[in-house]
Amino acid sequence: MSSDLDNDGTLEKLLKDYSPTEDDTKCGINSKFLQKFASKKTFVLMFSIIAAAYSGTYTYTMGTITTLEKRFKIPSKYSGMILVGHDISMMICSIGITYFAAKGHKPRWMALGVYLQVIYCFMMILPHMLYGAGDDAMSLTLDDKNLSFIHNSDMCEWNRTLNDCESNDIDNLSPLAIFFIGNLISGLGGPVIISLGTTYMDDNIKKSKVPFFLSLKGFLRMLGPTLGFSLSSLCLRYYIDPKVDPSINDTDPRWMGAYWIGWIVFMIYFIITAFLIGLFPKVLPRAAVRKRELIHKVASGKLSKSMIKIPEKASFKDIRETMARLFTNKVLIFNNLAAIFYIFGYLPYWTFQAKYIEIQYLLSPSTASLVTGTVSLVFSAIGILTSGLVISIYKPRARYLAAWNIITSIISIFGVMSYALNGCPANNNLQVMENSNLSLCNNDCNCDYIKYTPICGIDNKTYISPCHAGCKEINTLDNGMRVYTNCSCIDKIQASDDSFAYDAITGVCQVDCMPQFYMFLIIMCFNKFLGGTEGSSNFLIGIRCIEERDKTVSLALSMTIASLCSLIPSPIVFGSIIDSTCVLWGKTCSSTGNCWLYNAENLRYSMNFTAAGFVFIGTCFDVGTWYYAKDVKVFDEEEKNESSDEKRDQFIVL
C-alpha cells in the first residue's frame, strides 16, 4: 500500500531513500565486462530460456509418460498425479513466497527457484538409479537365455498353474512417491521464476514496449515445450538400458525408451542458467535513470507527488489489504474463473496429448512426442508472437481483447468436438480382445498372467499373446523373424495365402491411420494458433486491471487458483477417463498394472466432449470479463498518442 509522502518526512529525504542506488544497478560480481549485459534485452532472453526449460520439463514428462507407466506399471490416473505435486506446492506456497521475494532482489530469488529445479531433475532420475531398467525390459534383449525364457513363457502351456505370476515386481508406489516429491520441489521454485521474472520485466521496461517483449518472451518460452517433446522423442529412441541390444524396435508397444537421459540434460542446463540469472542487478541501469528523472521532476514541482508511490514494507497487514483489493476486483475474478475452466479443458491436450496420439493413431511414443513438440507447438508460438505484434501496433482497448478471447474460444470448442469425430476405424482394440477371448481353442492354455506380447496371425488378426492364440511352437527364420506355429485359435481358412509356413509373427498387424492423423494434426495446429493469440491479451487484461503494487501477488494468486481448481484435478479427472476406456490391464501378483489396450472410440468421445464442456463454461465467464473490462486501460492515452518521454515517465512506479 502506498504511503503519503508528506506523512513520512520531507519529500527530499524520501526521494533519496527510495531512489535506486548505484549498487542496485550493478551486476552480482561487479564486473565491468558483465555490466554491459545488464539490459532489458539480455534479461528477457535469459528469463525466456529459463522459462522455456522450466516448461520443457513439464512437456518432457508428458512425452515420456507412457514409458513411465509401462516401466513402473502405473495406471493413467496415478501418472497424472505425478504432475499434481508441482501444483500442490505451488498452490500452498506461491503467494507467500512471491510476496516476500518481490520485496527483495528479484533476480537472486529467481536463481534460487532455478536451483530448486536442479533438485527436481535429480529426483526424476532417482527411480532409475534405484531400480534400473526392470525385468520386463531386460527380458526383451538379444540375450539367448532371455529370449528363450520370454518366448517359452508366452506359449500355450497346459501345465501352467494359475498362480504362476511375477513375484519380483517392484511396488509401483515407491517410484510414484519419488516422482511426486520431485514435483513438489519444482512447484516451490516455479512461481518464483515466472512471477518475479514477469514483474521484473514490467518494472524495468516502458509500458508501451511491454506487449512486444511479453510476446517475445512467450514466443521463446514456447520453444520450451517443443524442446521437451523433441528431447523426449530423441531419448525414447534409445532403449531404457542403452548398454544392451533389444530384441524389439521402438514401434513395438512393449518398447521402453531411455526416459532418464533427458533429465540429466535439464539438470546441467539449470545449473548454468541459475548462476547467470542471479548476476542481474536489482534494477536495470536504464530503468534506474528513468526513475531518477521522474524523482527529479517531482522534486522540482514539474509533476505531482502522487506520481511516486512508495511500496509498503512486507507485513501481514499489507498482505490482508492486498488480498482484499484483489478479491473485490470483478475483472480479475471473471478473468481467473474463465482461466480455471479453460485450463481444465485444455490441459489434457498437454498432459496426455502424446498418449492420445499413440492410442488413436498407433504412432510410436517417440514419433508422437516429436509431432506434438514440433508441429503443434510451433503454431502456438506463432500465435503468441503474432498477437503480441498486433497488440503493440494497434493498442486495442481491453474490451476488444476480451471479445477476441470469446471468439477464439467458441471456434476452439468446435475444433475440440471435431477430434471426437476423427477416429481410425481400423484401430479396433475391441476386435483384438474378441480375437483373444477364452474359447475352446485356448481354454486349457492358462493365459491369466501372460504379459502383453502381441502377435499377428496369417488371418490378419492381432492377438494379445501367443498363448491367447493357442500357439504351442516358436521358430526363428533365416532372416531373424520369429514365427509361431501350431496355433489352434488362428483360422487358416481366412489366410490370404495358403503357402505360409507359419501361423503368426511377432507384433501387431499393420494398420494405416495416417489419413485420420493428418486431419487431426491440421485441426490441432489451427486450435493451437488460436490459443496462442489469446495468451498476450489475457495476460494484459489480468495485469492492467489491478494496481501496480499488486502485480506480483496477483500473478501468484492466479497461479494458486489455477493449481487448486484446474492443474491439480484436471490430470486426475482425465486420467480416470482414459483408464475407464481400458480393455486390457496388465496384471501383477499384487495389483493391476498399466493399461495396454484402450477402446479408442469411447476414449475419443468421453475425453473430447468433456473437454469441450469445460471450455464452453470458461467462455461464458469470459463474457463477464468483457463486460467489466470497459474501464480497464491496457495502454495509457499518452502512450497511444506517442507523447513525450516526460508524460510517459510519470507512470513509472518505484
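This section reports on the structure supplied with the text. The numbering scheme is per chain: residues are counted from 1 as the chain's sequence reads. With pLDDT at 70 or above as the cut-off, local features in this predicted model cover only qualifying residues; side-chain atom pairs require 80 or more to be listed or tallied, and sums for whole chains, interfaces and linings still use all residues. Only hydrogens and water are set aside when side-chain values are computed; all heavy atoms of the structure are taken into account.

A few points about the overall build of the protein
Argument step 1. For the protein, the count of helices and strands is 25 helices and 7 strands.
Argument step 2. Each residue is assigned to one of three classes by its accessible area relative to the maximum for its type, calculated with a 1.4 Å probe on protein chains only: buried under 20%, partly exposed between the two thresholds, exposed over 50%. Classification of the 654 residues of the protein by burial places 56% in the buried group.
Argument step 3. Accessible surface computed for the protein: about 27900 Å², of which carbon and sulfur atoms make up 62%. A run of H or I in DSSP counts as a helix once it spans at least four residues, and a run of E counts as a strand once it spans at least two, with each numbered from the N terminus. Computed by Shrake-Rupley with a 1.4 Å probe, the accessible areas treat only the displayed protein chains as cover when residues are assessed.

Remarks on the state of the cysteines
As used in these notes, a disulfide is a covalent bond between sulfur atoms, one from each of two cysteines.
Argument step 1. Count a disulfide wherever a pair of cysteine sulfur atoms falls within 2.5 Å. Considering all chains together, one arrives at 6 disulfides under this definition.
Argument step 2. Disulfide partner of cysteine 156: cysteine 445, at an S-S distance of 1.8 Å. Judged by the sign of its S-S torsion, about -75°, the bond between cysteine 156 and cysteine 445 is left-handed. One end of the pair, cysteine 156, is in the loop between α8 (144-153) and α9 (173-204); the other, cysteine 445, is in the loop between α19 (429-435) and β1 (455-457), and 289 residues separate them in sequence. Like cysteine 445, cysteine 156 is buried.

What about the packing of helix α6 (residues 106-131) against helix α11 (residues 261-277)?
Argument step 1. Following both chains from N to C, one finds α6 and α11 inclined at 165°, their axes separated by 8 Å at the closest point. By the angle between their axes, α6 is roughly antiparallel relative to α11. Considering the relative orientation of α6 and α11, their crossing is left-handed. In contact with Pro107, Met110, Ala111, Val114, Tyr115, Gln117, Val118, Tyr120, Cys121, Phe122, Met124 and Ile125 of α6, α11 contributes Trp263, Ile264, Phe266, Met267, Phe270, Ile271, Thr273, Ala274, Phe275 and Ile277.
Argument step 2. Residues are grouped as follows: Ala, Val, Leu, Ile, Met, Phe, Trp, Tyr, Cys and Pro are nonpolar; Asp, Glu, Lys and Arg are charged; every other residue, Gly included, is polar. Looking at side-chain class alone, the contact of α6 with α11 contains 20 nonpolar, 2 polar and no charged residues. The axes are straight lines fitted to the C-alpha atoms, using for helices just the contacting stretch, and the angles between their N-to-C directions are given from 0 to 180°. Comment on the angle field: the value is read as roughly parallel under 35 degrees, roughly antiparallel over 145, roughly perpendicular from 65 to 115, and oblique elsewhere. Two helices cross in a left-handed way if the nearer one is turned anticlockwise from the farther one by less than a right angle. They cross in a right-handed way if the turn is clockwise. We call two residues contacting when some pair of their heavy atoms lies within 4.5 Å.

Comments concerning α9
Argument step 1. In this model, α9 (32 residues) spans 46 Å end to end at C-alpha, consistent with the 46 Å of a helix rising 1.5 Å per residue.
Argument step 2. Consider a residue and the seven residues that end there alongside the seven that start there; fitting an axis to each set, the bend is the angle between those axes. Along its length, α9 reaches its greatest deviation from straightness, about 25°, at glycine 189, and the proline proline 191 lies no more than four positions downstream. Expected span, for any helix, means 1.5 Å times one less than how many residues it has.

Focus: the environment of asparagine 429
Argument step 1. Residue position: asparagine 429 is located in helix α19.
Argument step 2. Residue classification places asparagine 429 among the buried residues on the basis of a relative accessible area of 12%.
Argument step 3. Taking the C-alpha atoms as reference, asparagine 429 lies 9.7 Å from cysteine 582; in sequence the two are 153 residues apart.
Argument step 4. With residues near it in sequence (within four places) discarded, asparagine 429 still touches Val583, Leu597 and Tyr598.

Re the environment of tyrosine 58
Argument step 1. With respect to the helices and strands, the residue tyrosine 58 is situated in helix α3 (residues 40-63).
Argument step 2. Not counting chain neighbours up to four residues away, the residues in contact with tyrosine 58 comprise Leu83, Leu347 and Thr351.

Comments concerning the packing of helix α13 (residues 316-327) against helix α21 (residues 551-567)
Argument step 1. Direction vectors running N to C along α13 and α21 enclose 65°, while the axes themselves pass 11 Å from each other. Considered as vectors, α13 and α21 are oriented roughly perpendicular to each other. Viewed along their axes, α13 and α21 form a crossing whose handedness is right-handed. Judged by residue contacts, Thr322, Met323, Leu326 and Phe327 of α13 engage Val553, Ser554 and Leu557 from α21.
Argument step 2. For the contact of α13 with α21, the per-class residue count stands at 5 nonpolar, 2 polar and no charged.

Examining the sheet that holds β1
Argument step 1. At least two DSSP bridges between two strands are needed for those strands to be called paired. One open sheet holds the 5 strands; their spatial order is β2-β1-β5-β4-β3, and the pairing between them is antiparallel. Each end of this open sheet is capped by a strand with a single partner; those strands are β2 (462-463) and β3 (471-476).
Argument step 2. Summarising the sheet, β1 and β2 pair through 2 bridges and their orientation is antiparallel. Residue pairing in the sheet places cysteine 456 in a bridge with threonine 462 of β2.

What to know about α3
Argument step 1. Its 24 residues place the ends of α3 33 Å apart at the C-alpha level, agreeing with the 34 Å of an ideal helix rising 1.5 Å per residue.
Argument step 2. Counted residue by residue, α3 has 19 buried out of 24 residues, so it is predominantly covered.

Topic: a nonpolar patch on the surface
Argument step 1. The patches reported here contain residues having more than 30% relative accessible area and no salt bridge. Joining distances are 9 Å for like charges and 5 Å for nonpolar side chains (Val, Leu, Ile, Met, Phe, Trp, Tyr). Salt bridges are counted wherever a side-chain nitrogen of Lys or Arg sits within 4 Å of a carboxyl oxygen of Asp or Glu. On the surface, a cluster of nonpolar side chains totalling about 620 Å² of accessible area is made up of Tyr115, Ile264, Ile268, Ile271, Ile272, Phe275 and Leu276.
Argument step 2. Ranked by the residues each element gives to the nonpolar patch, the list is headed by α11, at 6 residues.
Argument step 3. Here isoleucine 268 shows up in helix α11.

Here's the deal with the environment of isoleucine 74
Argument step 1. Relative to the elements of secondary structure, isoleucine 74 occurs in the loop between α4 (65-72) and α5 (76-102).
Argument step 2. Note: C-alpha distance between isoleucine 74 and leucine 176 (102 residues apart in sequence) is 8.1 Å.

Topic: the pattern of salt bridges
Argument step 1. Going through the model one piece at a time under the given rule, you end up with 3 salt bridges.
Argument step 2. One salt bridge in this structure joins aspartate 550 and arginine 325, with 2.7 Å as the shortest N-O distance. Of this pair, aspartate 550 sits in the loop between α20 (514-544) and α21 while arginine 325 is found in helix α13, placing the two residues 225 residues apart along the sequence. Comparing aspartate 550 with arginine 325 shows no difference in burial state: the two are buried.

A few points about unusual backbone geometry
Across the chain, the bulk of peptide bonds are trans and the bulk of non-glycine residues have phi less than zero.
Argument step 1. At lysine 73, a residue that is not glycine, the phi angle is positive and equals roughly 55°.
Argument step 2. With respect to the helices and strands, lysine 73 occurs in the loop between α4 and α5.
Argument step 3. By relative accessible area, which is 14% here, lysine 73 ends up buried.
Argument step 4. The phi dihedral of leucine 362 falls on the positive side, at around 55°, and the residue is not glycine.
Argument step 5. Residue position: leucine 362 is located in the loop between α16 (353-361) and α17 (365-394).
Argument step 6. You can call leucine 362 partly exposed: its relative accessible area is 40%.

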